[in-house]
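As a plain string of letters, each chain reads:
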Amino acid sequence: MRWFFLILAIASSAIALALGPRGTKFSSPPFMLFPDMDNQQIVKPQKPSEFFENGQGARKPVEGTVPLGLEFPTGKSAPTTPLDFSRGDSYYDTGRFGDYFGKGFPEEVKVDGAFLERGKQRFAITCSPCHGTSGNGHGAVSKYWLLPPTANLLDARVKKMPEGQIFSTITHGQGLMGPYNGILAVKDRWAIIAYLRALQNASGK
Amino acid sequence: MGNIFPRWTNLLAIKILVGLMALGTCVVAVAWYSWTPKHTRVGYMPEQPIPFDHSLHAGQLGMDCRYCHSQVENSPHSNLPAAQVCWNCHGPGKAKADSPKLELLRQAMDVNYEGYTGKPIEWVQVHKVPDYAHFTHQAHVNRGVSCAECHGRVDQMPVVVHEKPLSMSWCLECHRDPGKSLRPLDEITNLAWKAEDLDSKAFYAYLAEKMETSVSKLEKADEGKKWDRELIGAHLQKAWSVHPPQDCASCHY
């Protein structure tokens, strides 16, 4: 009888402890009891897909594709969605009039308090890591930079730069700075420029 | 005629019964404890192709979550950054350009690199809800639910680990009582935010404007109440009229 209880106790605790406590760190994919519909054979954002030859679920638009909602060819394009990315060759989309950088803000944007607030927020997110919250080029990341210092945006050089050129710099990058057209919508780029102008005015130089 | 069954068999039936009951109870207990996302998902810490350190980028450098996860406010899916975004800081001549850890990034981005393949980096997804449940990031972050509510203090994680269960009951806990998970909109990506640090004057001014009432009225109503998460959340819930849906079809569609 003694043996019986002993063996029983050992067997039960072995079962109870087999799977370990909650919150243990592990790196193999999580166990799923009924995985049937948890992982469906559908194309998901940023996920691979065996269906396509190159294994990517996301498809690149075929060459010459015109984005939905774009009037083509275009002189002007109105921002229609919050996610507007460059979709034309207007000043609003490129910062250029033909071969020249334009000065001032395009008529598609209205520079007001809310617009500046938006610019401030986006500047803090996207620009300030390198250029600093005040734009002086001493952001937290730039301290880890081994090579040339980040541009001081309060400099007379940037102050004199036409808005269109700043737009183009944000869009395509300049020198060591990479392009930010993928993560900043067109309108946000203009908002950042508007906020940058405010910073430059406030710096008083 | 002697006994057909020896003496020890007298208790055998009872022993088998007791044994099965005890072991069965154990199995049920283990299933109850372990076959839940609290056990199967919490603690998931997969190895990433590039050992990206959130505690360095988001913690030490103080970069905003939205620098990389740039579309989280506009999309149900919180995007992983394109390799270009990494490349903007880790390209040639820039931070840690020669680090062996960034080999895959160079292969993906550097056209002049001998090992260039142009293949995207295959990050491993850590947080996932089943495909029949639709979670939208956009709706949550634009209504005062911080990243930290579901992902924990990622800014302190060298390797991202699944911290919350993301189970249905866990979702519902918050959908039934959202107040305690809300915070002001400009603090969404400030994972270290503490309710106690919130400036009450500015907060009341914001509320008064939003709810078309006066600051003094609001302050009077709150007299003697503790300035904490619950109070702030309750105000925000009212000001934004946050009513999270609880019917099946709000997530399972």
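Bear in mind that the values here come from a model prediction, so they are computed numbers and not experimental data.

**Overview of the overall build of chain A**
- Across its full length, chain A holds six helices and two strands.
- Seen in sequence order, chain A has helices and strands lined up from the N terminus as α-α-β-β-α-α-α-α.
- Counting every position in chain A, which comprises 205 residues, the buried fraction comes to 24%.
- Looking at chain A alone, contacts between residues at least 24 apart form 49% of all its contacts between residues at least 6 apart.

**Quick notes on the overall build of chain B**
- The helix and strand inventory of chain B stands at 12 helices and zero strands.
- Taken from the N to the C terminus, the helices and strands of chain B come in the order α-α-α-α-α-α-α-α-α-α-α-α.
- For 253 residues, the compact-globule formula gives about 18 Å, and the C-alpha radius of gyration of chain B, at 27 Å, lies well above that figure.
- Expressed as a percentage of the 253 residues in chain B, the buried residues total 23%.
- Taking as baseline every contact in chain B between residues at least 6 positions apart, the subset at least 24 positions apart corresponds to 69%.

**Quick look at the interface of chain A and chain B**
- Contact with chain A, which involves 40 residues of that partner, is made by 46 residues of chain B.
- For the side of chain A that touches chain B, the secondary-structure elements that each account for two or more residues are helix H1 (2-17) and helix H3 (113-131) of chain A.
- When residues in the side of chain A that touches chain B are grouped by element, the largest group, six residues, is from H1(A).
- Split by residue class, the side of chain A that touches chain B holds 26 nonpolar, 11 polar and three charged.

**What about unusual backbone geometry?**
Residues and elements named next belong to chain B.
- Look at Leu166: it is not a glycine, yet its phi comes out positive at around 50 degrees.
- Its place among the elements puts Leu166 in the loop between helix H8 (147-151) and helix H9 (168-176).
- Residues other than glycine seldom take positive phi values, yet Ser241 does so here, at roughly 40 degrees.
- Structurally, Ser241 is set in the segment after helix H12 (229-239).

**Structural notes on the domain arrangement of chain B**
- Entries for chain B in the domain assignment read domain 1 (14-40) and domain 2 (54-80 + 123-250).
- Taking the mean C-alpha position of each, domain 1 of chain B and domain 2 of chain B sit 38 Å from one another.

**Some remarks on the environment of A:Pro30**
- Within the secondary structure, A:Pro30 sits in the loop between H1 and helix H2 (91-94).
- Between the alpha carbons of A:Pro30 and A:Leu153 there is a distance of 48 Å; along the sequence they are 123 residues apart.
- Setting aside chain neighbours within four positions, we find A:Pro30 in contact with B:Thr40, B:Arg41 and B:Tyr44.

**So, the packing of H3(A) against helix H6 (residues 186-203) of chain A**
Residues and elements named next belong to chain A.
- Packing of H3 against H6 leaves a shortest axis separation of 7 Å and a crossing angle of 95 degrees. Relative to H6, the element H3 is oriented roughly perpendicular. Between H3 and H6, the residues in contact are Phe115, Leu116, Arg118, Gly119, Lys120, Arg122, Phe123 and Cys127 and Asp188, Ala191, Ile192, Ala194, Tyr195, Leu196 and Ala198, respectively.
- Class assignment for the residues of the contact of H3 with H6 results in 10 nonpolar, one polar and four charged.

**Focus: the packing of helix H5 (residues 163-172) of chain A against H6(A)**
Residues and elements named next belong to chain A.
- Two numbers describe how H5 lies on H6: the axes approach to 10 Å, and their chain directions differ by 125 degrees. What the angle tells us is that H5 and H6 run oblique. As H5 runs across H6, the sense of the crossing is right-handed. The residues of H6 that touch H5, namely those facing Glu163, Ile166, Phe167, Ile170 and Thr171, are Arg189, Trp190, Ile192, Ile193 and Leu196.

**Describing H6(A)**
All names here are of chain A.
- Its 18 residues place the ends of H6 26 Å apart at the C-alpha level, agreeing with the 26 Å of an ideal helix rising 1.5 Å per residue.
- The complete set of buried residues in H6 reads Val186, Lys187, Asp188, Arg189, Trp190, Ala191, Ile192, Ile193, Ala194, Tyr195 and Leu196.
- Immediately downstream of H6, the backbone of Gly204 shows phi near 75 degrees, a positive value.

**Points about the environment of B:Thr189**
- Of note, B:Thr189 is situated in the loop between H9 and helix H10 (200-211).
- Ignoring sequence-local partners within four residues, the contact set of B:Thr189 consists of B:Asp64, B:Cys65, B:Arg66 and B:Cys147.

**Examining the confidence of the model for chain A**
Residues and elements named next belong to chain A.
- In this model, chain A carries a mean pLDDT of 83, and residues with pLDDT of at least 70 account for 87%.
- The secondary-structure element of chain A with the lowest mean pLDDT is H1, recorded at 84, while H3 shows the highest, at 94.
- Note on residues 69-75: pLDDT under 50 across the span, and eight contacts to partners over four residues away in sequence or across chains.
- In the predicted structure, residues 77-82 sits below a pLDDT of 50 and forms 13 contacts with residues beyond four places in sequence or in another chain.

**Some words on H12(B)**
All names here are of chain B.
- Turning to H12, its buried residues number three or more, namely Ile232, Gly233, His235, Leu236 and Gln237.
- Of the surrounding elements, those touching the buried residues of H12 are H10.
- Once H12 ends, the next one or two residues include Ser241, with phi positive near 40 degrees.

**Some words on the nonpolar core**
- A:Trp190, A:Ile192, A:Ile193, A:Leu196 and B:Leu105 are the most contacted members of the largest nonpolar core, which totals 50 residues.
- With eight residues, the single largest contributor to this core is H6(A).
- If we ignore the near neighbours within four places in the chain, the residues touching A:Leu196 are A:Phe123, A:Gly135, A:Leu153 and A:Ile166.

**Structural notes on the confidence of the model for chain B**
- Predicted confidence across chain B gives a mean pLDDT of 91, with 100% of residues reaching 70 or more.
- As scored by the predictor, the complex reaches a pTM of 0.88 and an ipTM of 0.87.

**Concerning the environment of B:Gln237**
Residue and element names in this part refer to chain B.
- Position of Gln237 relative to the elements: it lies in helix H12.
- Placed 54 residues apart in sequence, Gln237 and Arg183 show a C-alpha to C-alpha distance of 9.4 Å.
- The residues contacting Gln237, other than those within four sequence positions of it, are Pro178, Gly179, Leu182 and Val242.

What counts and how
Throughout this document, residue positions are counted from 1 along each chain, in the order its sequence is written. Think of it this way: whatever chain is written first is A, whatever ligand is written first is 1, and the rest follow in order. Owing to the predicted nature of the model, reporting of local features is limited to residues with pLDDT of at least 70; listing and counting of side-chain atom pairs is limited to 80 or more, with chain, interface and lining totals taken over all residues. The way it works is that DSSP assigns letters per residue, a run of H or I at least four long becomes a helix, a run of E at least two long becomes a strand, and they are numbered from the N terminus. Field definition: a residue is buried when 20 or more other C-beta atoms are found within 10 Å of its C-beta, exposed when 12 or fewer are, and partly exposed for counts in between, with C-beta atoms placed from the backbone. Working definition of a contact: two residues with C-beta atoms, positioned from the backbone, lying within 7 Å. Atoms counted for the radius of gyration: C-alpha only. Globule rule: 2.2 Å times residue count to the power 0.38. Charged means Asp, Glu, Lys or Arg here, nonpolar means Ala, Val, Leu, Ile, Met, Phe, Trp, Tyr, Cys or Pro, and polar covers whatever is left, Gly included. Note that the domain bounds reflect an automated or database-derived domain assignment. To obtain an axis, a line is fitted to C-alpha atoms, over the contacting stretch when the element is a helix, and the angle between two such axes runs from 0 to 180 degrees between their N-to-C directions. Each angle is binned into one of four classes, with values under 35 degrees roughly parallel, values over 145 roughly antiparallel, values of 65 to 115 roughly perpendicular, and all other values oblique. Note: crossing handedness is left-handed where the near helix turns anticlockwise from the far helix by less than a right angle, and right-handed where it turns clockwise. A helix is expected to span 1.5 Å for every residue after the first. Scored from 0 to 100, pLDDT records how confident the predictor is in each individual residue. Nonpolar cores are built from buried Ala, Val, Leu, Ile, Met, Phe, Trp, Tyr and Cys residues. These are joined into a set through C-beta atoms within 7 Å.

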